[in-house]
Structure formats: C-alpha cells, structure tokens
Amino acid sequence: MNMSTQVSVLSSQATSGSLNQKKTLSELLADRARKRKREVEDDHRLQEAVLQLISSHQNLGNLLTEVEQPLCKHLPPLSESSSPDKTWGPQDSLKVSALRDQASRLGVPVGVLSAKTVVVKIQELQHAESKQVALLGLEQRKELLCLLQTVKDLLCQNAFSRLHFSLEIWQAQVPPVLEVLFLFQKENIIGLEEIFESNHDAAMGTEWLFQNLCLLCSDPQTQTLEDAKQMLSDIVILLVRNGFRETFAMGAKADLQKTPQICFAVLDKMLSWMLNVVSEAKDQEDCQKVKAAECWIQVFDASLYRSTVPPNSVKQFFSHTLTKIFTYPSSLRVCDAVRMQGEWCFAKTCPLLSLLYRKVLVLLNVEDMIGHLQRILEADEVNWQFLLSFVSTLLVCQAQAQTVFKDLLNRLLHNAFEVYELENMITAFLLARQAALEGPAVFVSYKDWFKVSFGIATGYHGSSKKSLIFLLKFLTELVPFEPPQYLKVHVMHPPYVAAKYRPMLLDYITLAKTQLADLKVAIEDMGLYEDLSASQGPQQPRCQVLQDVEKAITIFENTGKVPTSVLEASIFRRPYFTSRFLPALLTPRMLPRTPDSGMRLIEALKKADKIPASVYTSYIQACQKEKKKLLEAGSLEMEVDCPAEPVELLSAGLEELQKLIIKQSKDDAVPSLISVISERLKVVICDDGDTALLDLPFVVNVSSSNLEPLELKIADLLLKSFCQNIVVASYFSPPHRQGEWASLFVKMLCGHQKLLQAVLIRLLDLICHQGPSLSDLHILGLAVFVIHLQETKELIPLLNTGLPSGSGTVLTLAEYLDRFLTCETGDSLLFCKRFCTTGLAYVFCRSSPCILDNVRQLAPSAFVRKLQYVLPRLIQEARDELSECDLDDLWQSLSEISINWKVACLALWRQKLFRELIKEQEFQLSFTDWVTYELNVQPHRDVLTDMERHEYQRWACYQVYLPLLSATESYGGNVKRACSVIVHSLLDFCQRSAGKCSSQSELTPVFRGGYTDILCRLQEMIQDSEPFLKRSLLQESKPDAGHFPFNIFQERMKSTEQVEGEGSMLGVQLSRLQEVQMFTRILVQLPASVLFQTRREGASWVIHCSTFFDFVNVELKNISSLTCAIPYDVTAHFLRGLINCSMEYEKPAEQVNSILMSCQHKCPILLSSAVKWWPLLQSVLCSQWQMQSSDAVPKEMQKLMDCQQIAKSFHVSEYFPSDDCPWLSAAFLYFSSQRQINRLEQGHEMQELGSKSQQFLVCLLFFYMMDLSSCQVQAKEAKVFSEVLMKCVEIIHLMEQKRKGSGESWFILFELEEKQQTPYQVLHKLGSSVLIRMLPFAFYSVLPKLDKSLCDELLAAPNFLIVALKAYASLVQLFLDSQEILTEASPSEPQQPKVAQADTLELITQGRRFLLHALSKCPKPRYSSKSQLLEACGDLDPEIRAAIVHCFQPDNEDDLATEPQLF
C-alpha cells in the first residue's frame, strides 16, 4: 500500500461515525471546536505515521541521487561539520529529514551518516565497471553528477562532513576512481589535498594516485576527449604546485604535510614509469604503453602552468625531471657508452625521449641546463644513454648552446688535468664525441676538437710530463673499447709530444694499430681525407679511395698544386698510393678535349715522377679504348641512375615538413623531422658527414654550373621544397611567427658539405644567370634562403669563382652576390630590385623585436646598397620624401598571389628603420659605389631612355651626393671631391674592362657601359663649378699642395708601386701602361683649365703647369710609341687650353710666351710634339687666337710658324728663328724630313751648313739616333732601319769634316750625365727611358759603318775610349736585361717581336773586337786614366778588363817598382 492510500484510509475511519447524526446549532458549534482540536492531533499522528512508513522502507543512497532545487548557492567552509543539535525548520528538505531521522535512530551525527552514505553510493557506482579504470562510464557519470548536486545541497544545510568523507573514502573496500575525486574537487566540495591529508598511509595514497594516473594516460578517452585531457592537466598542476611549492608562496597551505610528499612521489613514479616505457619501446611504436607515455609527456608543456603555478616551482619541476632522467638506473657502463654512443645521436634517439627533452628546453635557459648537467656529472652516477641523447638534443635545438657547451668541455679538461681525475676526462671525451656526431653545423668534428685540445704544444697535456703520462694512460685504457674511427684519429693525428717523450707516444700508437688490426681495419686502407670521427664507422676501401680521388682533384682545382697529403702518401704510404689511389685516379674514361682538373692533376703527378711512364702510357691507351667503345655504342654520355627509393623517402620527408609548417602547433616536431631528413640525405648522396674540406673554398664557376644529374635533382628538390614552404608559411603568418624551421633547414644543409656545394652552385646559377626568368614565388623563396645562408655564414666555406688568379677569385657568399648579381641591363635591374626587396623585407619582418641591431646582423650589406641604387633609379617616387609605412603592410604586399612590386618596394623604402640602416657606414651606398654601378649599365639595354637616364644621373649627383658633404666642406670642396671620385671610378672601370675592350689606337679604346654618360657628368660638374675649382687651384699653388686631377694619378701610382713585388714585372708594367693611357684619355676630355695652375710672381699672377710637365716627363713620354713626341690629342689639348687660360690675364701673349719658353728646358718633349704636329695645329691655334684676341700672334708661336716654313723647304742654310735653341731647329728639320717622300735631298742641303751649325748637327744626330733605337725596339722593317742608319753615318761624317780637329764631336751625345750641365743635357728629356737606354745599341750600330780613317781619328780623340767602354758595358747589360727593356718598351703588345738578342749579341762581339783593337793601337794612356777605364768597363766582360790592365803594364824595370793594380 502506498502512502496516499494509507492517508485516505485513516481519514475515512476518523469521520465515518458522525456523519449520520443530527445536531443543534450549539452542539454543532461545540462539535466544531472539538473537531478542530482533533484535526490537529490527527495531522500530527498522520505525519508521524508517514515518516515511520518512509523510514521503514526508504534507501538513503537512492534518495541522495534524486535531484532537487538547491537551497543555497554558497557552501560552508571545508572544515565545518554538521551539528546534531540543529533545529529543523520548514526549509529542511525531505532528504535531510530522512538522513536526520536515520542518524537519530542510529545515534550518529547526520554529517557522518551522509558521508558514509555517499561513499557507499560511490562504491555502488564503481561496481558497475567490470575492470579497474580511472574514468567512469557515461551512465555512472550521470548518476555521480546527481550525487554531487545532492552533496552540495547537504553542505548548504550543514548536513555533510567532508572530514569523515575523506576518512571513509580511504577505508572503502574498493579504492575510488580518480575521476570521482577529481569531480568532488572540481565542484568545490572537497579538494584532493584534503583527501590526501586524511590518508594515514601516504604510501597507499601515492600508489593509488600513481595507478590511476597510469590508467588515465592509458585510457583512449584521455588521448581524444578534451575533458579527459583537462582533467589530467588539472591534476598535474596540483601535483606540481604542491610537490614543488615555495615555502612562502602566496596562498600556500602551511598545514599540509602529506600532500607535498605524495605529489612529489607520484611525479617521480610517473617519470620512472615513462622512462621504463622509453627503454622498452624500441620496436613498439604502436603499443598502448607508448601512447600512454606520450600522453604523460604532454604535461611538460610549459604553457600548461602559466598563471597557475609559480614559475620557480615549474623550473624546479623541470630541473628535477632532468636529474631523474640523467640518474635513471641503467645497466650500461662507461665502457658501453664509449662503444655505443654512435647510436644515441639526435636522429636515433627515441622520439618520446626527444619530445620530452624539447619540452623541457622551452622553459630552462641554456646556461642553467649546462650548469645543472655539470653538477649531476660531478655528484651522481648517470645514465649515459639518456644524458648523451640530451646533449645531442640540446645542441641541435638550441643554437646558442654551442658556446656554453664548449666552455663546459674546457672546464672539464682543465679540472681533469689539474687533479688528474679520470672521471672528468672520460666525461669530456664522451660529450665531445656526442656533439661531433651531430655534424659541423652543430659542433666541430672530433678530429678537429682532438687536434685543438691535444695536437699543439700549448694543449692541456703540454704543461708537464705527468700531464702527458696521464693523457696517454687514459687513451691506452680506452683502446679495448674504442670504435675504430676514434682510434684512427689518435693514430693519424696524435697528441703533440716533445722529442724526448716520443717513445711513450709510439707505444700507444703501436697498441692502437694492433687494436685496429684486430678489428680488421688496416691503416694502409685508410683514406687520405677520411672523416676519422664519423659515426657510421669505417667505409669500404673502394668507396673511400674514390672520395680521396675526388677531394684531391678539388684541392688541386682550388690551389693549382698537388695536395700535400697525396705527396706524403706517395712517400710514407706507398702501398696505399700505388695499389689503391693511383688505380682509382687512373680509371679509364673518355678524356675531354680541354684537360679538366683530373687530367691536370695526373699530368702534375707525372711531372713529379709519382706516376711511372709505363703506367701513364697504359692509362692513355685505356682511355682511347674507352672512347672507341663509347663511340661504337653510339653514346658519348653516361646516364646516372638516381636511387629511386632514397629520393622518394627524401621527398616524403620534405612533404611532411610542409605539413608541419601548415600545422603551426606542431612546430616543436620540426627539429626531429629535419634530423630525419638529414639522415636521408646522407643515404641519397652517400655523404659520410666528412668535414675534411670545410676550410677549402667551393668552386662555383661564374660561367657554368657543372652538376651531376643526381646532384642537380637533389639541389632542385631541396630548393623547390624550401620555396614552397616559405610561400605556405607566409600565407598563414608573418616571418616573425613562422618558427625556426627555415634556420634549422639551412643549418642542416651546411652539415653536408658535398650537397651544400651543389645547392650553392645551383642557387647562384639561378640568381646570377637566370634571375630575370624566375617567377615571383621563386624570387621570394630564394631570397629568404639567401638570408638564412647569411645567418649561418660561419658554416659556409669561401667560394672560388674560377676566375684567373689575382682577380678576386675567393669570395664569401655575400661578396659573390655583390659581385655577380649585376645591374647591367633592364632585366637585371628589375630582378635585382625584386630580389633585394624581398630579402630585406623578410629581414625586417622576421627580426623580433624589429630593432637596428637585429636587422644589422641579418641584412646583407650588398642587398642594402644595391637597393639604394636600384629603387630611385627605377621608381620616380623613391626620389621624393615619403611617409612611413607599417611592417604589416610591407609583408602583406609580398604575400599576395600577384605581387605589386612598386608598392612593395616603396613600402620597404618608407620604413623608418631602413632609413636608419642606410646611415650606417657598412650599408651606405657611397658615391664611388653609385658611379661604379652606373658605369656598368649598358645604355642600349637600359630600362630608362637616354633622357631619363641623364635626368636621374643629375638628380643623384646634385641632389643626393653633393649635399652629403656640405656639412664639412664648401661647395667647391664637394665638387672637387666628387670629381675625384668619378675619375677614380672611371680609371677602375677602364682597368676592369681592359680585357673586354678592343684598342684601335693607344689612347682611344672602345668601352661598353655607361662610360660616356658618366664622363659627361664629370664634364658638367667641372664646367659648372669652374670658378670654385680655380679658387682651389690658387690654394693648391701653395707648396706641397696637390693639383687636381694629377694628385689622383699620383695616389694610384703609389698604390701600384706597393704591389710591384706581388706580381710579375710584365703584369706591373701592363697595369701602369693601362693606367697612364686611361688617365690621359680622361684628361683630354676634361676642360683644359685643369692642366694649369696660377701662382703669384711679384705683383702679378702668372700661369704655370709644372704638375702637367712632370706627368708628361715621367709617365706619358715613356708609354708613347712615337719618337721624341707624344700623341696629338694631348699636345693639341694643352696648346688650346693655354690660349684659353691666357685670355683671362691682362697680357695673354706674355703668358703664352712664358709657358712655351719654359717648355724648352722643363718639358722639351711637349714642344717637340708641337713641332711634330705643327702642320695640323697651326691653323687651329691661329684661328683660336684670332677669335679671342685682336693682338698679334705670340712671339713664340710665330717662331714655331717660321721654323716650320724654313724646315718645310729644307733651306737649312737660312737663319733659323730658333738658333738660340738648336734642338728645336733640329726637331723641325727632323720631323719635316719624316714627312717628306724623298729624304735623300737633305744630305745636299746639309753641305750648306757652316761651322756654326755644329750644335745643330749634334741635336739632329740625336733625333736620328732615337729613330734608330725606335726601329730596333719596334722591330721595323730592315729597309727603314738601314735608311736611318745611313742617315746617322752621313751626319757623323759631315760633323767630323766640319770639326777639323776642333769643336764638339758627335760622341758627346753618349757622355751626357744627369749631373752635367751642357747645352745637350736637354736632349735626354726628349726620348723615353727605353730609347735612352738603347743608345749604346745605336752607338755600336753606327760605329762599324764609319770609315777606317775616321775611326782612327776617333781613337785619338780624348775620352772616346772611355765613352766606347761605357757604351759597351751598357750594351752588355742591355743584352742581359733585354726582357725587362722590352717589357718597358711595349708592354701592351707582348706578342710583337722584341729586341733582337741575336743582333745585340753580334754587336757585342763586334764591339769587343773593336775595343780590343783600340786598346792595342791607341796611344799609351796615362796611368791616371787607368781607374777611369776600369770603372767604365765594369765587371761584365773579363776579357776587356784584362786587356785594359795589360795596356797599363810598364815598359821598363823601373816601372816595376810601381805598386801593381790588384783586383
């Protein structure tokens, strides 16, 4: 019967008797009062009956799961318990009433009863699960939530005891499920800390929580459901917060005693459980334990504890984790670590352990980790596998750890040798070897580390004998456990040992060789360039010898010399050299038409007698057979099959990398994947990680990129992958949020030297030769790739351009791009703009924070300079002042599918930081750089029209670069400095273009590029600022002042002289010749006013040009191929300029006369050139004078005109206007005769000369002597030489006839010395230094043609014998120095015939006979002249010297008393 039925029955029984009786009103009223009283009593009895009925049938557990409206929202404090004396009111719920009634009957507090009831209900819910779990089922979770709601209601009514609940939960038959207690904490009913504290057995609590956490991590729901993951996270936060809490942390509960112990112990047990899984997870990647361990590793995510746990507590947790990992028990000993550590590199480390390490590295800084590592090594026994794999992970993932790690190694070695402790020693060796396993991008090779540490006298072991013994003893003890690659290092690169301790070292080497022999690794089979520290172990001899041959060829290609290692092997490792190296080098192949590096190496070895002649002959024959075989097969090319499977694996790894880049949350997996890609690259390219050639330049030929098909395929695959990844990453986020994958990728490539060379060759070929044809996406990817190469520039070897030696063949990557990323054509200018803009935009957007220091480290200076040149040139708006632009707008403009390059370039140009960067000295585009770039532009292929180009050049000169100097110099100073820069740049450009230009005349070569445009700008600047330049010239007239532009030439000549000792004489002379030619070519195109200076003489100003005279005397006359003259354009430019400048003075004629008269003595060759070119100059100069002045022609000009008229008619008997300057008259006669067809008539005219014309004839003879020397030097036809020779003989005969024993003889020309002051001294200034040195040749060419009678007369002449001896000695010296003479004579035409040495030798023979005859026939000389003759003879011909001594022998015995001349 239910409760409602019972209530209705009771009501019917109480009222059935009174319904049938009739009552009066008073009785009714009285009955009504009695009835009300009975009703109250009945209600009370009814309530008691109902409660009794409910109490006898109710289930309190089920009652608690019924949901009612909560009575309050706020819970009492956790320590508050229910009170049995509480008076119940109408607000008490039925559940509370039931609990109170039951508690009353049982005699227990209601809070205790409710706590027990809740625990019992929880037990019932858990019994529904068939197995032990950490999470409830769906139905059980629903019931639990209802129970939790009721408990919260009970707490509101103070009817639930949390203390008793904590006690009951541990006393239950079945331990609670972790989720139950977690939900109690989540609903703020009772915390886990209070539950832990209530447990009297902390070990039991620890074990319970550990088991539940293992179950939670193993539950598939935890790995998929967010609620389960959050539950695990919250529990771990609680564990870390309590297990590693700070004593005085805010909010810390001081009364907790067991909780920290339990939390700390649980974290330790979980870590041990995970490490145990790691140790057993070698081949169980898919097992449930591995997935559970991976789930637990996620709790080491540093972001999980942000704002929930104090940072110091998290750091303590992570540090403690590392300690537990490093000290995890292991059965491996140190000797096992020595033998097995090659398997513990980063790529081979268990992924779970590697993931854990990477998460720990996020929070802890490198210095703390290294210090912590050292403390553990010093204090505890370590698990070498875990510790060494951590070292690999640390160095791979933290680039900044390398420096700190090297310091750690140094400290360990220092401590080891300080107290001779083996532990520090073995630790240092293990750590160094582990770091070397990761390749040169991470750490130096073990070979290099060992050489630096112990291969020098200042090594750690070099301080004493005891230190050496300690090292050798240590190495000896390692021998039984050493892998062979490390033994090879010790044998091939042994420690430095003083000579007296050499036997000790030999004992160790013998032991090491014995061990290698036991391991079947013969020293004889070791390669010349084998990577002795490679982790892969020894290679097959055949593979190693092929690598040796390849690397030897590379070294020979770079240096041009046979590698030292090859020469040493041919002597000290003869069996390997003859049985392995030579057969590999001499493998038959089809030889190229032009010998390649391999063939040249073979030829060099053959010349050095390292290859027997028979072996070489057999090789050539075998190569011919190979060629014939290939021709018969119809194919001259061998196809290289790419290993399909390794390439496919590599492609798959690169695709996986792209997926990780797209999933930005997976960025922590990038380093491990890149390590896997590195391992696959080793398989594809057969790379053993050798770093032997790390210091050798890569050969990157600027004209061609010869890559093997496999190398080309892999290089394209890597570059394509990188470009695609950059595009994808840029689509999702800006550069500073793209992670470190790009840097890691490039550093990984730097660890594969052979592959890196192929990638660089392909990259530079694309940029420097195919740049204009690249798409925008390719430009974006390659530019970013170059930026990351710049970031790792220390790992990239120098690049050998393949150019001729001495022309900058070895460059860094940045220098290579600066040199070969040209801006010569419109297409190259546009590509340079795009490429440099993209690269610099990436630098600006990637630097975080974007400050100048960060940008300065990454930005290639070449990019910044080229962009400063290209942007204003191509974009008009870049020449104006622009507003600033945001960085986000900059990268967004480059991330679009269709890039608007103008917008992107201007966005970069507007950056405030970019404007600050270009103010740095390193990144400034100097005026010299600008002129150089502009000179290289080819006008016919320029994107600008001629007018646009000229407008841009004027803007750059006048609005950019001239104002830059205004703060320190006047405008005139700015212009002068700018003009100097242009002249320097023009000369440099001409030197660079010398090999590419053709020269039709010696001073008018044809150049390409913007030479003409820049020269026009120079002319404009000089013309516009001529008043300022004149003012500066007045200042330059002071002593020691320079003279523009000759001071520029003098500076360049000084620099040329400094390098004379660094090159061949021919090279120096060629360089000097080109310099003078180019400077002269520029000089004649400048305003002639620059040739002259002004100085004060008394009260007036006069013109002088001493600097120009010096230039002509020292430089110009020595490069001229003309006899006693310089080219017409220089002469005409000087004379026209002289007339123009003289017009600025009051008496211009006096100025002209003064300069021309000074030319007679200071620069006679200039006046002689005027004589030569006067028929062409006369009309020009006269017209110029008449146009500017109404005065008569200056006197000196008129004199030249009259002399020309007389010389033209050959009326030499007439009076020459210049007889006061006989050489000038002779010059007119000589040059006039050169222009006449019939030259023989001149001899008839000479008969008319009187005796007063002796000086004239001497000067005329000098000109013909110069002509005779010129014929020999320039190898003119024999007929011409003969005509000039006969003319010289004719003039000599005429002079001797007119002299008649008195006057000056013709050989006075050969007596001239610099210190002498004679009228003929000026003649030597008319000829070049080469022709003057050739005068002895002319002397002995003429002498045999003279009559015998004349020769006898000459022998009687005073000083003739001395002159003849000096000429003979000079002739012999000329023969010895003929190569130098010829180089000076015609360095620009080395292919032409030089001085005929056979003719010179014949002359020397004739001269010797003449002198011997003269010494025997001439009158007995005075004893006082003996020393003069011996001095004149010199030491070059002992026979002549002996003849002189014999000539002075005494005729009688009295003379014997004279002291003999000893020599």
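Residues numbered from 1 in each chain as written. Predicted model: local features only at pLDDT ≥ 70, side-chain atom pairs only at ≥ 80, totals over all residues. Heavy atoms only, no water.

**Some words on the packing of helix α45 (residues 946-964) against helix α47 (residues 1011-1024)**
Then comes step 1: Close contact between α45 and α47 brings their axes to 11 Å; oriented N to C, the two are set at 50°. Between α45 and α47, the crossing angle belongs to the class labelled oblique. As for how α45 packs across α47, the hand of that crossing is right-handed. Contact residues: R949, H950, Q953, R954, C957, Y958 and L962 in α45; D1013, I1014, R1017, E1020, M1021 and D1024 in α47.
Then comes step 2: Grouping the amino acids of the contact of α45 with α47 by side-chain chemistry returns 5 nonpolar, 2 polar and 6 charged. (Axes fitted to C-alpha atoms, helices over the stretch in contact; angles between N-to-C directions. Helix = DSSP H or I, 4+ residues; strand = E, 2+ residues; numbered from the N terminus. Parallel < 35°, antiparallel > 145°, perpendicular 65-115°, else oblique. Left-handed = near helix turned anticlockwise from the far one by under 90°. Contact = heavy atoms within 4.5 Å. Nonpolar A, V, L, I, M, F, W, Y, C, P; charged D, E, K, R; others polar.)

**Describing the side chain of S730**
Then comes step 1: If you trace the backbone, S730 turns up in helix α33 (residues 709-732).
Then comes step 2: Under the relative-accessibility criterion, S730 is labelled buried at 7%.
Then comes step 3: When residues no more than four places from it in sequence are discounted, the contact partners of S730 are Q738, W891 and S895. (Buried < 20%, exposed > 50% of the residue type's maximum accessible area, 1.4 Å probe, protein only.)

**With respect to helix α24 (residues 484-492)**
Then comes step 1: Within α24, 8 of the 9 residues are buried, leaving the element largely enclosed by the surrounding structure.
Then comes step 2: Those residues of α24 that sit buried are P484, Q485, Y486, L487, K488, V489, H490 and V491.
Then comes step 3: On its buried side, α24 packs onto α21 (422-436), α22 (446-454), α23 (465-478) and α25 (502-518).

**A look at the confidence of the model for the protein chain**
Then comes step 1: Of all residues in the protein chain, 76% attain a pLDDT of 70 or more, and the chain-wide mean is 77.
Then comes step 2: Put simply, helix α1 (residues 3-15) is where the protein chain has its lowest mean pLDDT, 37, and helix α54 (residues 1164-1172) is where it has its highest, 93.
Then comes step 3: In the model, residues 997-1007 has pLDDT below 50 throughout and makes 25 contacts with residues more than four positions away in sequence or in other chains. (pLDDT = per-residue confidence, 0-100.)

**Quick word on the packing of aromatic side chains**
Then comes step 1: For the structure on display, the rule yields 65 aromatic pairs.
Then comes step 2: Seen from their ring centres, F429 and F454 are 5.8 Å apart, and the 20° between their planes marks the pair as stacked. You can see F429 sitting in helix α21 and its partner F454 sitting in helix α22, a full 25 residues away along the chain. For the residue pair F429 and F454, the accessibility class agrees, reading buried in each case.
Then comes step 3: For the pair F1092 and F1134, a centre-to-centre distance of 5.6 Å together with 25° between the ring planes defines the contact as stacked. Here F1092 is found in the loop between α50 (1065-1083) and β6 (1093-1097), whereas its partner F1134 is found in helix α52 (residues 1128-1142), with 42 residues between them in sequence.
Then comes step 4: In this structure F1092 comes out as buried when scored by relative accessible area, which is 3%.
Then comes step 5: Its end group placed over the ring of Y486, R433 keeps NZ or CZ at 4.1 Å from the ring centre. (Phe/Tyr/Trp six-rings, centres within 6.5 Å; stacked < 30°, edge-to-face > 60°. Lys NZ or Arg CZ within 6 Å of the ring centre and 35° of its normal.)

**What about the environment of L487?**
Then comes step 1: Note that L487 resides in helix α24.
Then comes step 2: When the C-alpha positions of L487 and I509 are compared, they lie 9.0 Å apart, and in sequence the two are 22 residues distant.
Then comes step 3: The contacts of L487, once residues within four sequence positions are left out, are V479, E482, Y508, A512, Q515 and L516.

**Here's the deal with the pattern of salt bridges**
Then comes step 1: Within the structure shown, the criterion is met by 25 salt bridges.
Then comes step 2: K866 is the partner of D818 in a salt bridge, and the nearest nitrogen-oxygen pair spans 3.9 Å. Of this pair, D818 sits in helix α37 (residues 813-820) while K866 sits in helix α40 (residues 861-874), and the two are 48 residues apart along the sequence.
Then comes step 3: Residue class for D818 comes out partly exposed when judged on its relative accessible area of 23%.
Then comes step 4: Of the charged contacts, one joins E877 and K902 as a salt bridge, the two residues approaching to 2.9 Å between their closest N and O atoms. Taken as a pair, E877 in the loop between α40 and α41 (887-894) and K902 in helix α42 (residues 901-909) lie far apart in primary sequence, 25 residues in all.
Then comes step 5: Overall, the relative accessible area of 31% leaves E877 in the partly exposed class.
Then comes step 6: In the salt-bridge network here, residues are joined through shared partners; they are R873, E934, D942, D946, R949 and D1013. (Salt bridge = Lys/Arg side-chain N within 4 Å of Asp/Glu carboxyl O.)

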